[in-house]
Structures are given as structure tokens and as C-alpha cells.
Amino acid sequence: MSAKGKAPLLDNNKVNADLIKLTYGALVAQILKDYEKPEDVNKQLEKLGYNIGVRLVEDFIAHHNIPRCLDFRQTAERVQQAFRFYLGFQPAVGNWAPTGNEFSLIWDNTNPIGDFVEFPDNLRTLQYSRVLCGAIRGGLEMVQIDVAITIAKEFLLGDQATELRIRFNKRLEDALPIGED
Amino acid sequence: IKDRKAAAAAAGPSSSEAPVDTSASARDSDTVFPKLESIGYQVGQRLIERLTKEHARFKDELDRMKFVCTDLWKYLYDKQIDTLRTNNQGTYVFTDNLFRPLAFFSAEGVDQYYPQSGRFIAFPCGIIRGALSALGIRCTVSAKVLSVTCCVFEVVVERT
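What you see is a predicted model, and the numbers here were worked out from it, not measured in a lab.

**Student:** Could you clarify how one ought to interpret the overall build of chain B in this entry?
**Tutor:** Assigned secondary structure in chain B consists of five helices and four strands. Listed by position from the N terminus, the elements making up chain B come as α-α-α-β-β-α-α-β-β. Once local pairs closer than 6 in sequence are excluded, the contacts in chain B between residues at least 24 apart make up 60%. Summed over its atoms, the accessible surface of chain B is roughly 8,800 Å², and 51% of this surface lies on carbon and sulfur atoms.

**Student:** Is there a simple way to explain the overall build of chain A in this structure?
**Tutor:** Regarding its fold elements, chain A presents four helices and four strands. When the helices and strands of chain A are listed from N to C terminus, the series reads α-α-α-β-β-α-β-β. Expressed as a percentage of the 181 residues in chain A, the buried residues total 45%. Across chain A, the fraction of contacts at a sequence separation of at least 24, relative to all contacts at a separation of at least 6, is 55%.

**Student:** For this particular structure, what's the right way to read the sheet that holds strand S3 (residues 139–145) of chain B?
**Tutor:** The strands that make up a sheet pair up through hydrogen bonds in the backbone, lying either parallel or antiparallel. Residues and elements named next belong to chain B. Ordered in space as S1-S2-S4-S3, the four strands form an open sheet in which the pairing is antiparallel. Each edge of the open sheet carries a strand with a single partner, namely strand S1 (83–86) and S3. Direction aside, the axes of adjacent strands within the sheet are offset by 15 degrees on average. Pairing between strand S2 (residues 91–96) and strand S4 (residues 151–157): six bridges, direction antiparallel.

**Student:** It is not clear to me how the side chain of Asp 96 of chain B should be interpreted in this structure. Could you clarify?
**Tutor:** Looking at the secondary structure, you find Asp 96 of chain B in strand S2. A polar side-chain atom of Asp 96 of chain B sits 3.1 Å from the main-chain amide nitrogen of Leu 98 of chain B.

**Student:** I'm lost on the confidence of the model for chain B in this one. Help?
**Tutor:** A low pLDDT score tells you not to read the predicted coordinates there in detail. All names here are of chain B. Of the residues in chain B, 76% reach a pLDDT of 70 or more, and the chain-wide mean stands at 78. S2 holds the highest mean pLDDT among the elements of chain B, 92, whereas helix H1 (residues 4–10) holds the lowest, 39. The low-confidence segment residues 1–22 (pLDDT under 50) makes 30 contacts with residues lying over four places distant or belonging to another chain. Taken over the whole predicted complex, pTM reads 0.79, whereas the ipTM for its chain interfaces reads 0.75.

**Student:** Whenever I open this one, the packing of helix H2 (residues 38–63) of chain A against helix H4 (residues 130–141) of chain A confuses me. Can you help?
**Tutor:** Packed helix pairs are specified by the crossing angle of their axes together with the interaxial distance, meaning the distance between the axes. All names here are of chain A. Orientation of H2 relative to H4, taken along the N-to-C sense of each, is 40 degrees, at an axis distance of 6 Å. On the basis of the axis angle, H2 is oblique to H4. With respect to the hand of their crossing, H2 and H4 are arranged in right-handed fashion. Note on element contacts: H4 touches H2 through Arg 130, Val 131, Cys 133, Gly 134, Ala 135, Arg 137, Gly 138, Gly 139 and Glu 141, opposite Asn 42, Leu 45, Glu 46, Leu 48, Gly 49, Tyr 50, Ile 52, Gly 53, Val 54 and Val 57.

How each quantity is defined
- Residues numbered from 1 in each chain as written.
- Chains lettered and ligands numbered in written order.
- Predicted model: local features only at pLDDT ≥ 70, side-chain atom pairs only at ≥ 80, totals over all residues.
- Heavy atoms only, no water.
- Helix = DSSP H or I, 4+ residues; strand = E, 2+ residues; numbered from the N terminus.
- Contact = heavy atoms within 4.5 Å.
- Areas by Shrake-Rupley, 256 points an atom, 1.4 Å probe, with all protein chains shown as cover.
- Buried < 20%, exposed > 50% of the residue type's maximum accessible area, 1.4 Å probe, protein only.
- Pairing = 2+ DSSP bridges.
- Axes fitted to C-alpha atoms, helices over the stretch in contact; angles between N-to-C directions.
- Polar contact = N/O pair within 3.5 Å; in protein donor to acceptor, adjacent residues only side chain to side chain.
- pLDDT = per-residue confidence, 0-100.
- Parallel < 35°, antiparallel > 145°, perpendicular 65-115°, else oblique.
- Left-handed = near helix turned anticlockwise from the far one by under 90°.

This is the structure we're talking about:
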């Protein structure tokens, strides 16, 4: 997705940013129509993002010659890099917990996918950015990192920034299918 | 991650994997296509509002069709519609020989996945319908995939 939606991109692999944002908006509206409860919609968006992330991580690794991450800070950098690569919108990494197992991705004064969006008051529990959380979770899960993500701030709801809080849960061990050693 | 497959299947139209069984395509045309189309419709309407902001008044119907074929298409897919034909009685045929959403289709799997191509063109159909409705033309849009990357849209204007 291009950062500026004004001019269409000549790059074959990129899609107009406005188109993505509008399509995502319309998609959320449709899911909301289907499921009605904002909580259910959040779940669907998370699932949607998860499926994106699970697939996207392979593509990301294929495009970038990246070594193994040795600590969570490096992981954070990679996530940041992935956002730049796919959304053209790089978040800041910050608000590290003293223990180093929790950080935030912050987009100041914007929501990367939330242009053209207005929130009606009765939908304040709808998490519009949930798809991003799902994508991060899905992607990291594929590299054996289990994280929990919350939306700390949401620009669309009047906050100063969009902030995703990412907490390291545990390292996943490779689970072999039963019957295979 | 035991139920990843199940999750992927449940994600429905947004999932990039097209299920192989053809029974799904019957269900698709009833429930999924109209939804994809209506999503496209909304996107088309909004895009046109942005694109025509500084555009001069349109002369006639053909002028608007041309706008969709050139400006809108360029904005969306980086290329224009290749040919625009009309019978001058309210039927317009847009042909795109290298339609971007179909560009990544495998040529070998054409037969196997042919029924699935509808999933990829329902959305653009909606965009065209939405765009034209925002331009004041009520119409129905249908599309056919002719070969691997060639897509033909037929727009029939509703006259009252």
C-alpha cells in the first residue's frame, strides 16, 4: 500500500492506499451488518488479520534477508520494518516495559487504515484496528513467538495516537503432529 | 496451531485460498457474491466522490463511462480499460485484457479454479456499479472472465 493515496503507484506489487482503506472500511461495515455485535466483529477482524499475518510472514522473510532475532527488541524492529514494507506507514516503537517484554507500536495523530472513518457513538467498543493486531499475532506465531496485543489508544476514538501494546507471552515449541517423532 | 486450516476456511471471501470443492461455488453465488458486490458498490461511490472533486461537468452518459474506464481504472489498477464498446442503446462493454486481480492466476489451473474467478470479479463489478450510480447512472453490471487475465464487463443502463 502506498503512503500517499494521491497518485497510483507504478509498482506492480502495490495497491492504491485509498482503495485499501475504503475497502477495509466497507468490509468492516459488512461484517458489522452480518454479526451485529461489535464484540463479534472484533473477533472476526482479529481472525482476518491472523490469517493475513500467517501468510504474510513468509513473504516478508522471503523479501528480506534477515537473521534470527536474538531478543524481543529485535523482534520489535522487524515488526516495525514489516509495517513499513507492507503499509508504507512506519510506526514508532516505544514505551518499553522495564522488563523488556512489552512494547508499543505508535502512530502519532493517525490511524494507518482509518482515514475516511467516523465512529458512531454506539460502536465505541468496535476495535477498528483489530486487524493489525491479528496480523502481528499471526505473523509472530509463525516464528514461534506468542504475544498478546491490546489496543491502548485509538486515534479514531479521539486519542492523540493509535497505539498497539504488544506483550510477549512465551516461546512456542514446535509441536509435532501426533504419531511423528 | 491446530485449527489454522479451519480458521482460514472460516475467513470466507477474505481468505486468499480458494477451496477446491465446487459445491462451495453454489453457496458463493447466493451469499458471498452479493456481499462482495455491495462492498464494491460502497467503495465505488466513495472513490468517485474523491476523484471528481475537481472535474468539469460531464457532457453525457458516454463521457461518464469514459471517465470510469480511464480515470477510475487508472486510479485503481494503474491501467485503463483496453476497449470500450457500446451499442448506443444503453449497453456498454468494457474489456480489460490484463485485469490486475486476475494477473496472478496460474494459467495451468484455469479449469480447476475457473468457477472461483467469480470471487475476484464480483468486487470490481460492484465498484463500477457504485461509481456509475454516483455519477447518476443506474445500471446493472455483469462480468465474464474470458481467458486467464482477460475480463469483460457488461454494463446495462437502466432506462425508466
